[in-house]
Amino acid sequence: MEVLLESGGDRVALVRINRPEARNALNSAMRGQLARIFADLAGNDEIRCVVLTGTEKVFAAGADIKAMADAQPVDMMLRASERDWALIKDFPKPLIAAVNGFALGGGCELAMHADMIIAGEGAKFAQPEIKVGIIPGAGGTQRLLRAVGKFKAMKILLTGEMVSAQEAEAMGLVTEVVPDTEVLDRALELARSIALLPPIAARKIKELVLQGGDLPLDAALVMERHAFQLMFGTEDQKEGMHAFLDKRVPNFKGL
Ligand code: CAA
C-alpha cells in the first residue's frame, strides 16, 4: 500500500502518502486507496480530525504522468478519477494538509482539498500541468482561483512556475509556514486541539465555509442561521455553555 493510515493520537488520524521513489505521484490505485481511507474515516466516530501528509521531500508530485502519457480522452473518462476525489472533497471532518517539499499538480490540488495547509519553509507549490500539455484536472483552476484570486491564480496556472511556501502564505494558499522539521508536529497539534472541540459544530463550520462560499450571500446566511439554530439541539451546546458558566473544562461528546 502506498497510502498509509496511522494514528495521530487523541481522536486524530494521520494519512500518509508513501511512494517516494516516484515522488508520491498519484496513480489510480493510490487515488482509490485515498478514497477508501477517507470513506472509512468519515464513518468512524472515534476520529474527529485528519492530517494528510506525504514524505520528507515531497507531499505529492501530481498525477502519475507515466500512467497517462499515451492515454486517450475515453481512457481518462473511464478512469473516472472524480469519483475518488469526491470522497476527499466531501469529507465532512476538518482535514489538515501537512506539506513538506513539492506539492505539484494533483499534489497541490490534493492539498487544496484540505481545510488548512501547514507548510514547511522549503515547500513548493505549483500547477505545472501546462508544461506537459494539459490543464489541472482535479479542481486546480477553481480552488486556486477561490483561494488566491484571479491575478495570482492566473500566473501560477499559466506559467506552471513554483511558488515558495512564504509566497503561498502571503497569497492565502497556506495557513502557516513552519520549519520543515516541525510541519507534521504542528499539523497534529492543531488537529488534536480541534479534536477536543465539538465535532458537530466543526462539521457545520466546514460545510458552511465550503458550500456557503459559492452561494449568494443571502442564501448562505440563511444556511448559517439554520445551522446555528440546530446547534441548540446538541448536547455539546449545553455542555459547552454550562461548562463556561460553571468555570470548568467542557467534555464534548459529539452528540
Ligand atoms: N508522474 C510520474 N512519475 C513522476 C512524477 C509524476 N508526476 N513526478 C516524478 N516522477 C518520477 C520521475 O519520473 C522519476 O522516475 P524514474 O526514477 O523512474 O526516472 C522519479 O519520480 C524521480 O523524479 P525526478 O528525477 O524528476 O526527481 P527530482 O527530485 O529531480 O524532481 C520533481 C522532483 C520536481 C517533483 C519532478 O519530478 C517533477 O517536476 N515532477 C513532475 C511534476 C508535474 O508535472 N506534475 C503534474 C502532473 S499532471 C497532474 O497532476 C494532472 C492533474 O491535475 C491531476
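Keep in mind the model is a prediction, meaning the values are calculated, not measured.

**With respect to the domain arrangement of the protein**
Domain annotation for the protein reports domain 1 (3–195) and domain 2 (199–246). A separation of 27 Å is found between the C-alpha centroids of domain 1 and domain 2. Both faces considered, domain 1 and domain 2 share a buried interface measuring about 600 Å² in area, 50% of it formed by carbon and sulfur atoms. Where domain 1 packs against domain 2, one counts 2 salt bridges. Asp115 serves as the salt-bridge partner of Lys206, at 2.9 Å between the closest nitrogen and oxygen.

**Here we look at helix α1 (residues 28–42)**
Taking 1.5 Å of rise per residue, 15 residues should cover 21 Å, and α1 covers 21 Å from first to last C-alpha, within 8% of that figure. All of the buried residues along α1 are Met30, Arg31, Gly32, Gln33, Leu34, Ala35, Ile37, Phe38 and Leu41. Among the structural elements, β1 (3–9), β2 (12–17), β3 (49–53), α3 (81–89), β5 (95–99) and α4 (106–112) are those in contact with the buried residues of α1. Between the side-chain oxygen of the N-cap and the backbone nitrogen of Ala29 there are 3.3 Å, and the N-cap of α1 in question is Asn27.

**Quick look at the sheet that holds strand β4 (residues 58–60)**
Within the open sheet, the 4 strands sit side by side as β4-β6-β8-β9. Their pairing is mixed. Since the sheet does not close on itself, it has two edges, and those belong to β4 and β9 (163–164), each with one partner. Relative to strand β6 (residues 102–104), β4 is paired through 2 bridges, and the arrangement is parallel. Across the sheet, the residue bridging to Ala60 is Ala103, located in β6.

**Notes on the site of the ligand**
Residues in contact with the ligand amount to 21 residues; listed here are only the nearest, Ala63, Ile65, Gly106, Glu109 and Glu129. Arg23 places a polar side-chain atom, nitrogen or oxygen, 3.0 Å from an oxygen atom of the ligand. In this structure, Ala61 approaches the ligand through a main-chain N or O atom, which is 3.0 Å from a nitrogen atom. About the coverage of the ligand: the protein hides 65% of its 990 Å² of free accessible area. Those elements that place two or more of their residues in the shell around the ligand are β6 and α4.

**Re the nonpolar core**
In terms of nonpolar packing, the biggest core is built from 43 residues, with Val15, Leu34, Val50, Phe59, Val99, Leu110 and Phe125 touching the most fellow members. Top element by residues in this core is α1. It accounts for 5 residues.

**A look at the sheet that holds β1**
With respect to topology, 6 strands assemble into an open sheet ordered β1-β2-β3-β5-β7-β10, the strand pairing being mixed. Whereas interior strands pair on both sides, the edge strands pair on one side only; in this sheet they are β1 and β10 (176–178). Mean inter-strand twist for the sheet, computed between neighbouring axes without regard to direction, equals 25 degrees. Sheet analysis places strand β7 (residues 116–120) next to β10, joined by 3 bridges and oriented parallel.

**Quick look at the packing of aromatic side chains**
Scanning the entire structure with this criterion turns up 2 aromatic pairs. Measuring from ring centre to ring centre gives 5.3 Å for Phe228 and Phe232, while their planes differ by 75 degrees; the resulting arrangement is edge-to-face.

**Focus: unusual backbone geometry**
Trans peptide bonds make up the majority, and among non-glycine residues the majority have a negative phi. Although it is not a glycine, Arg11 sits at a positive phi angle of roughly 70 degrees. The topology assignment puts Arg11 in the loop between β1 and β2. Given the relative accessible area of 37%, Arg11 is considered partly exposed. One non-glycine residue, Asn24, adopts positive backbone phi at about 60 degrees.

**What to know about the side chain of Asp64**
In this structure, Asp64 sits in the loop between β4 and α2 (73–79). For Asp64, a relative accessible area of 10% gives the class buried. Dropping the residues within four chain positions of it, Asp64 is found in contact with Arg19, Ala25, Leu26 and Asn27.

Cut-offs applied
Per chain, residue numbering runs from 1 following the sequence as it is written. The predicted origin of the model limits local features to residues at a pLDDT of at least 70 and limits the giving and counting of side-chain atom pairs to 80 or more, whereas totals for whole chains, interfaces and linings rest on all residues. Side-chain metrics in this entry use all non-hydrogen atoms of the structure; hydrogen atoms and water are not considered. Residue ranges labeled as domains rest on an automatic or database domain assignment. Put simply, buried area is how much 1.4 Å-probe accessible surface two parts lose in total, over both of them, once they are put together. For salt bridges, the criterion is a side-chain nitrogen of Lys or Arg within 4 Å of an Asp or Glu carboxyl oxygen. Put simply, DSSP H or I for four residues or longer makes a helix, DSSP E for two residues or longer makes a strand, and each gets a number counted from the N terminus. How far a helix is expected to stretch is found by multiplying one less than its residue total by 1.5 Å. When accessible area is computed with a 1.4 Å probe and restricted to protein chains, residues below 20% of their type maximum are described as buried, those above 50% as exposed, and intermediate ones as partly exposed. Only heavy atoms matter for contacts: two residues are in contact if any of them lie within 4.5 Å across the pair. Polar contact is the term for a pair of N or O atoms within 3.5 Å; when the atoms are in protein, one must be able to donate a hydrogen and the other to accept it, and sequence-neighboring residues count only if both atoms are side-chain atoms. Strand pairing follows a simple DSSP-based rule, namely that at least 2 bridges must link the two strands. One heavy atom suffices: a residue is near a molecule or strand as soon as one of its heavy atoms comes within 4 Å of it. Note that accessible areas follow from Shrake-Rupley with a 1.4 Å probe, and for residues the cover is restricted to the protein chains shown. Nonpolar core, defined: a set of buried Ala, Val, Leu, Ile, Met, Phe, Trp, Tyr and Cys residues in which side-chain atoms within 4.5 Å join the residues together. Note on method: axes are straight lines fitted to C-alpha atoms, helices fitted across the in-contact stretch only, with angles between N-to-C directions ranging 0 to 180 degrees. Aromatic rings from Phe, Tyr and Trp, with only the six-membered ring used for Trp, were paired whenever their centres fell within 6.5 Å, and each pair was classed as stacked if the ring planes differed by under 30 degrees, edge-to-face if by over 60, and tilted otherwise.

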